[in-house]
Amino acid sequence: LMLRDELRRALTDGDLHVMYQPIVGLGDRRVVGVEALARWNHPRLGSVPPEVFVPVAERAGLIGDLGMSVLRRACAEFAAWAGAPGAYLSVNVSPLQLVDPQFPGQVAAALADAGLHPRRLVLEVTENVLADESEVIGTLTRLRATGVRVAIDDFGTGYASLRYLHRFPADIVKIDRTYVHEIACDPAAMRILGTLWQLFDAVGLTAVAEGIEDEDQATMLIDLGCPLGQGFHLGHPGPLAAILVPSPIR
Ligand code: G
Ligand code: G
Ligand code: MN
Ligand code: NA
């Protein structure tokens, strides 16, 4: 059984679907955004995780199709969701998608077809894409000129230097969950995080702490001055309809 062929079939048959995890204000717990996460339920293999099928798609030259299929579906579902007006949709993008010159045009078409304003979309890229700078920076700059925003995903796990932190065209920075988990037991990690906000402010990045798994972590992050968070404690990935939004006070 070739996973590559199965994936190709899944793409044609539309077997991939999308789960959404809320991104919330740590102070008021209001939903400010949702991250789209691709899911594949194979009829015989059961659920195949993205850690497995994304690299397969990248090697098989299918990541462009897979990425656009996820993006188009997420835009359509998100546009039809009335749960959190003004919230943004955050979609993961492979570095390989960013070197395809057709990508910005495809994103614009997906947004237009869904009737979604570009400001409602955030594209998540890992800091490792910065390794081969020029092409990727050009693509991201073009996208941002249309209003689409960019998030640096898994911040702290790669090798982002100060130099590209201030040259990289981004709006949001997502602190990797390994850091978030360390702050509970490592005072040095906490002090480092506590000073990063100033740096992020200086370069105009809004921070999201990832992987928040309990209230202690949430409280510590609030004390450290982190505005936004995501994690199992704040909401698991699921269908959009399952995202509980605080009802307005009447
Ligand atoms: O959904 P989960 O937390 O299991 O995701 C595991 C990894 O797969 C994460 O690194 C996430 O960014 C990645 N991932 C999930 N959905 C997509 C997608 O649609 N495209 C890409 N490129 N990566 C994805
Ligand atoms: O790399 P990226 O940040 O896109 O990864 C998203 C992945 O993180 C998803 O697969 C999601 O299921 C997972 N995730 C989300 N919240 C938590 C959490 O609180 N703890 C852990 N361990 N994983 C989480
Ligand atoms: Mn992500
Ligand atoms: Na991440």
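Just above sits the structure.
Residues numbered from 1 in each chain as written. Chains lettered and ligands numbered in written order. Predicted model: local features only at pLDDT ≥ 70, side-chain atom pairs only at ≥ 80, totals over all residues.

Considerations on the environment of A202
For A202, the location among the structural elements is in helix α9 (residues 187–202). According to the C-beta neighbour criterion, A202 is exposed, with 10 such atoms within 10 Å. Taking the C-alpha atoms as reference points, A202 and H166, 36 residues apart in sequence, are found 8.8 Å from one another. (Helix = DSSP H or I, 4+ residues; strand = E, 2+ residues; numbered from the N terminus. Buried ≥ 20, exposed ≤ 12 C-beta atoms within 10 Å, placed from the backbone.)

Observations concerning the environment of Q230
For Q230, the location among the structural elements is in the segment after β9 (228–229). Note on Q230: 26 C-beta atoms within 10 Å, which makes it buried. C-alpha of Q230 to C-alpha of I175: the two residues are 55 residues apart in sequence and 10.0 Å apart in space. Not counting chain neighbours up to four residues away, the residues in contact with Q230 comprise Q21, I23, E35, V208, E210 and I212. (Contact = placed C-beta atoms within 7 Å.)

Here's the deal with the site of ligand 1
Taken together, the residues surrounding ligand 1 are L37, A38, P49, P50, E51, V54, G67, V70, N92, V93 and S94. Take the shell around ligand 1: its biggest share by element is 3 residues, from helix α2 (residues 50–59). Among the residues forming the shell around ligand 1, the class breakdown is 7 nonpolar, 3 polar and 1 charged. (Near = placed C-beta within 6 Å. Nonpolar A, V, L, I, M, F, W, Y, C, P; charged D, E, K, R; others polar.)

Here's the deal with the pairing of strand β6 (residues 149–155)
Within β6, 6 of the 7 residues are buried, leaving the element largely enclosed by the surrounding structure. Where β6 lies against strand β7 (residues 172–175), 3 bridges are found, and the strand directions are parallel. Bridging across to β7, I152 finds its partner in V173. (Pairing = 2+ DSSP bridges.)

Comments concerning unusual backbone geometry
The backbone of R29 shows a phi angle near 65°, a positive value even though the residue is not glycine. Inspection of the secondary structure puts R29 in the loop between β1 (16–25) and β2 (31–42). For R29, a count of 15 C-beta atoms within 10 Å corresponds to the partly exposed category.

The analysis is restricted to geometry; functional conclusions fall outside its scope.
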